[in-house]
Amino acid sequence: MTDDARATVLITVDSLRADALDLDSEDTHTPTLRSLADDATVFENAFAQGNWTPFSFPSILGGTPVFADGPRIGVGPGATLAETLQRAGVTTGGFNASNGFLTAYWGYDRGFEAFDAFHAEPTNPVSKFFSAHPTWQAWAQFATQPMRAAVRRLRGQESYPAENTSRMRDVENAAISFIEDADGDFFCWIHYMDTHTPYVPAPVHVREVADEPFGTLRMLSPHVRTGLGRGIEEGSPTLADLRTLYRATARQVDQSIARVLGALEDAGIRDETCVVVAGDHGEEFLEHGHLAHYPKLYRELVEVPFIVDAPGTDGRRVSEPVALDAIPPTVCDAMGVRAPDHYTGQSVMPTVREGNAPDQEPVVTVTVRGDSVTQQPIPRRLGDGDVLVSARSEEWTYIQHTAAGEHELYDRQADPDEQENLWTGEPPTAAVARLQAAAERRYEALESVADAADSAVGDDAGDEEVPEEIEDRLSALGYK
């Protein structure tokens, strides 16, 4: 048995689909994570429990899936991961690159002694415009980079290569400062936004992953064309350019992670630190007709990277499915802290330490869809639309849209991209029947939550007004 970790660094990356990383080839665009994976446990069938951040993160930091305790997004009333660790004497820090859904308003600051979501209030019309339009902010950064670099050199300051539109450097610097200042056991959560739309990596990272010259104007063009709805189809240059930019953002995050791991080395605690890396959900590039992450439950939106590198353990690959609600009990287990009983996931540390197969219960994921897939505003509450539920095993994907009377079934071995619906009216095997039963149990639980909310006296949460600065952040990410 290995010793407990002195520290855990949980790194989550927004919109990071499973195939966004290259963990195998020598010529990888994510060398830091490839190196980490060599000595870590890589879960090759890891799934988010929601298709986008507010539906996924209650499992990751709260320990229970979205809507487990009510119709509102955000963490539930039980002790969060940070609160659990803090009560055990662990110093806690959380640093989120300005995702409005991961703020104190929805409870994500609970248990963090140091917490920052990095949003500066605009002070003039220009800064307000740039805050709401990250692509144009990046364009301005690129255009003025030579002048700003010269000024910073004259001041003796480090010059960043126009890569802080995503607030990546702010988050990275805050996390490194927290690591350097931590005294005793600590937990540090870092959330990157680079792989979320709009994809605006620094030009240096685009050049590192592109197969041909890729100038600044070409970086802006696919965003403009996407906004105008022009040239977005499978095989189009615009789609290819978006994929290149997305790949470059993964490269950019990888380089930042390298610097964070370097800070652990410099502090002399890398070998005592458990490092966990996961995407919070995936990203679509027209696999099922859309871009970004609309309310659907296909592989490209649900399958994510999940890597656990614990002290004194060997590298291994695990094919059994796991859900991201495994993260809170795993972090507790790694640090020798008892996980609360309300956490729904199981620790994967027995797999990481001993190679034991993880619990093979179906992984259940939910989303809420309005009148159309692209309806704005995208549903934020359980009552904002119809519930879709999926259940996955190593072999099958089952998706149920009860209100529409629709069922989908995909053979994940023969059809990994989930394109051929095999549902014929009844489960073809006992294994599929178990998936259907798991999906129906989750749907029934959500119905009970919705009914309780409808009957609650004075329940006016459906009309809650989200603070304007939070709405501004969400609008900048495309959530109208």
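So, how was this worked out
Residues numbered from 1 in each chain as written. Predicted model: local features only at pLDDT ≥ 70, side-chain atom pairs only at ≥ 80, totals over all residues. Heavy atoms only, no water. Core = buried A, V, L, I, M, F, W, Y, C linked by side-chain atoms within 4.5 Å. Buried < 20%, exposed > 50% of the residue type's maximum accessible area, 1.4 Å probe, protein only. Contact = heavy atoms within 4.5 Å. Pairing = 2+ DSSP bridges. Helix = DSSP H or I, 4+ residues; strand = E, 2+ residues; numbered from the N terminus. 1 Å grid on protein atoms, 1.4 Å probe; cavity = no way out; pocket = protein on both sides within 12 Å on 5 of 7 lines; lining within 4 Å. Points joined across faces, edges and corners; volume = space filled by probe spheres on them. Nonpolar A, V, L, I, M, F, W, Y, C, P; charged D, E, K, R; others polar. Axes fitted to C-alpha atoms, helices over the stretch in contact; angles between N-to-C directions. Lys, Arg positive; Asp, Glu negative; His and termini not counted. Salt bridge = Lys/Arg side-chain N within 4 Å of Asp/Glu carboxyl O.

Caption draft 1: Spotlight on the nonpolar core. Counting 66 residues, the largest nonpolar core has F43, L85, F187, F306 and V308 as the members making the most contacts within it. Among all residues touching L85, those that are not within four sequence positions of it are V90, T92, F187, V331, C332, M335 and V337.

Caption draft 2: Representation of the sheet that holds strand β13 (residues 322-323). Across the sheet, three strands lie side by side as β10-β3-β13; this open sheet has mixed pairing. Strand pairing shows two members of the sheet lacking a second neighbour, β10 (303-304) and β13, which therefore form its edges. Direction of pairing for strand β3 (residues 46-47) relative to β13: parallel, over a ladder of two bridges. Residue pairing across strands places F47 opposite A323, the latter belonging to β13.

Caption draft 3: Layout of empty space enclosed by the protein. Using the criterion set out here, one finds two cavities of 30 Å³ or more in the structure. Empty space within the second largest cavity amounts to approximately 30 Å³. As for the second largest cavity, its lining consists of L61, V75, T80, A82, G107, Y108, R110 and F112. The class makeup of the residues in the lining of the second largest cavity is five nonpolar, two polar and one charged.

Caption draft 4: Expanded view of helix α2 (residues 53-62). For α2, a buried count of ten out of ten residues is recorded, marking the element as mostly surrounded by other parts of the structure. For α2, the full list of buried residues reads T53, P54, F55, S56, F57, P58, S59, I60, L61 and G62. Looking at the buried positions of α2, the neighbouring elements they touch are β1 (7-13), α3 (81-87), β6 (186-192), α11 (327-334) and β14 (363-369). G63 sits one or two residues past α2 and shows a positive phi near 90°.

Caption draft 5: Spatial organisation of the sheet that holds strand β16 (residues 396-401). Here four strands make up an open sheet; going across it, the order is β14-β15-β16-β17 and the pairing antiparallel. In this open sheet, the two strands that pair with only one neighbour each are β14 and β17 (406-411). This sheet shows a mean twist of 15° between the axes of neighbouring strands, independent of strand direction. In this structure, β14 lies alongside strand β15 (residues 386-392), joined through seven bridges in antiparallel fashion. Bridged to V366 within β15 is V389. Along the sheet face, helix α13 (residues 430-455) touches β14, β15, β16 and β17 and points at about 35° away from the line of β16.

Caption draft 6: Quick peek at the environment of V318. The topology assignment puts V318 in strand β12 (residues 316-318). With 276 residues separating them in the primary sequence, V318 and V42 have C-alpha atoms 6.2 Å apart. Aside from chain neighbours lying at most four places away, what touches V318 is T41, V42, F43, E44, N45, T351 and P358.

Caption draft 7: The side chain of R442, seen in detail. Looking at where R442 falls in the secondary structure, it is placed in helix α13. In this structure, R442 is buried with no salt-bridge partner, the nearest side chain bearing the opposite charge being D325 at 8.7 Å. For R442, the residues in contact, after removing those within four places along its chain, are P65, V66, V364, V366 and V389.

Caption draft 8: Representation of the pairing of strand β11 (residues 306-309). Burial along β11 is two-sided: F306 and V308 and I307 and D309, pointing in opposite directions, are all buried. The pairing of strand β2 (residues 41-43) with β11 spans two bridges and is classified as antiparallel. For T41, the partnering residue across the bridge sits in β11 and is V308. Note that strand β7 (residues 273-279) and β11 share four bridges and pair antiparallel. Across the sheet, the residue bridging to V277 is I307, located in β11.

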